[in-house]
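A look at the structure
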Amino acid sequence: MSTEILKNKRIAILATDGFEESELTEPMKAIKDAGGNAEIVSLEKEEIKAWKDGNWSKTYKVDKALGNISADDYDALVLPGGVINPDKLRTNKEAIKFIKGFFSGSKQKPVAAICHGPWTLAEAGVVKGRKMTSYESIKTDLMNAGAEWEDSEVVVDQGLVTSRFPDDLPAFCGKLVEEVSEGRHQL
């Protein structure tokens, strides 16, 4: 993969305490390896704490606080999973408004969500009629929100990339980079 494929692309990784560590760090590495700029965006202003193997893990520096930016500042969005992280985000009005901003207009910016991350998309009301996958425990939530759910390692629907769990990260990261390099997608 070219190290410049995402040159001048700015990607937000929206997360809060309790994100699944590999679901933030591996997409961030893939973005940077492709020449893009990945920024951790959060409700918190300074740092967030990861979840790994059923326990708390490292803390990560927040690049931008949610209240100081908008979707207009970014070319794409990544939504890591973990159970705690998306559950907190989906009840925060600022986070939902930020997510909706990537789906506004006639062309959608690329959005990638893994594991429980798609929960926030259901809350934002942007999954109706979209082909998606996720961690199986939120399958019914997505279907009730109108998504066409399937059990696949990665599903892409007009710039929306979804995957099930950390084992799917290689495919997820590959499609994330591909969709961001393509830019906005017609809805």
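See above for the structure.
The notes below deal with the structure included here. All of these numbers come straight from a predicted model, not from anything done at the bench. (Residues numbered from 1 in each chain as written. Predicted model: local features only at pLDDT ≥ 70, side-chain atom pairs only at ≥ 80, totals over all residues. Heavy atoms only, no water.)

1. Considerations on the environment of P118
Following the sequence through the fold, P118 ends up in helix α4 (residues 118–124). Residue class for P118 comes out buried when judged on its relative accessible area of 0%. Each C-alpha atom, one on P118 and one on S70, is 20 Å from the other, the two residues being 48 residues apart in sequence. Not counting the four nearest positions on each side in its chain, P118 is found in contact with A113, M132, T133, S134, I138, L142 and T162. (Helix = DSSP H or I, 4+ residues; strand = E, 2+ residues; numbered from the N terminus. Buried < 20%, exposed > 50% of the residue type's maximum accessible area, 1.4 Å probe, protein only. Contact = heavy atoms within 4.5 Å.)

2. Remarks on the pairing of strand β12 (residues 154–157)
Consecutive side chains of a regular strand alternate in pointing toward one face of the sheet and then the other. Pairing analysis gives four bridges linking β12 to strand β13 (residues 160–163), with the strands arranged antiparallel. Counterpart to D157 in the pairing with β13 is L160. In this antiparallel pair of consecutive strands, β12 and β13, the connection spans two residues, and Q158 shows a positive phi of 50°. (Pairing = 2+ DSSP bridges.)

3. Re the packing of aromatic side chains
Per the counting criterion, the structure on display carries four aromatic pairs. Each residue in the set Y74, F98 and F102 is aromatic and connected to the rest through ring pairs, giving one cluster. In this structure, R10 is placed above the aromatic ring of Y74, and the distance from its NZ or CZ to the ring centre is 4.5 Å. Positioned above the aromatic ring of W119, the side-chain terminus of R90 is 4.0 Å from the ring centre. (Phe/Tyr/Trp six-rings, centres within 6.5 Å; stacked < 30°, edge-to-face > 60°. Lys NZ or Arg CZ within 6 Å of the ring centre and 35° of its normal.)

4. Some thoughts on the pattern of salt bridges
By the definition in use, this model includes eight salt bridges. One salt bridge in this structure joins D168 and R164, with 2.9 Å as the shortest N-O distance. Here D168 and R164 have matching classes, each one buried. Across the pair K175 and E178 runs a salt bridge whose closest N-O atoms are separated by 3.4 Å. (Salt bridge = Lys/Arg side-chain N within 4 Å of Asp/Glu carboxyl O.)

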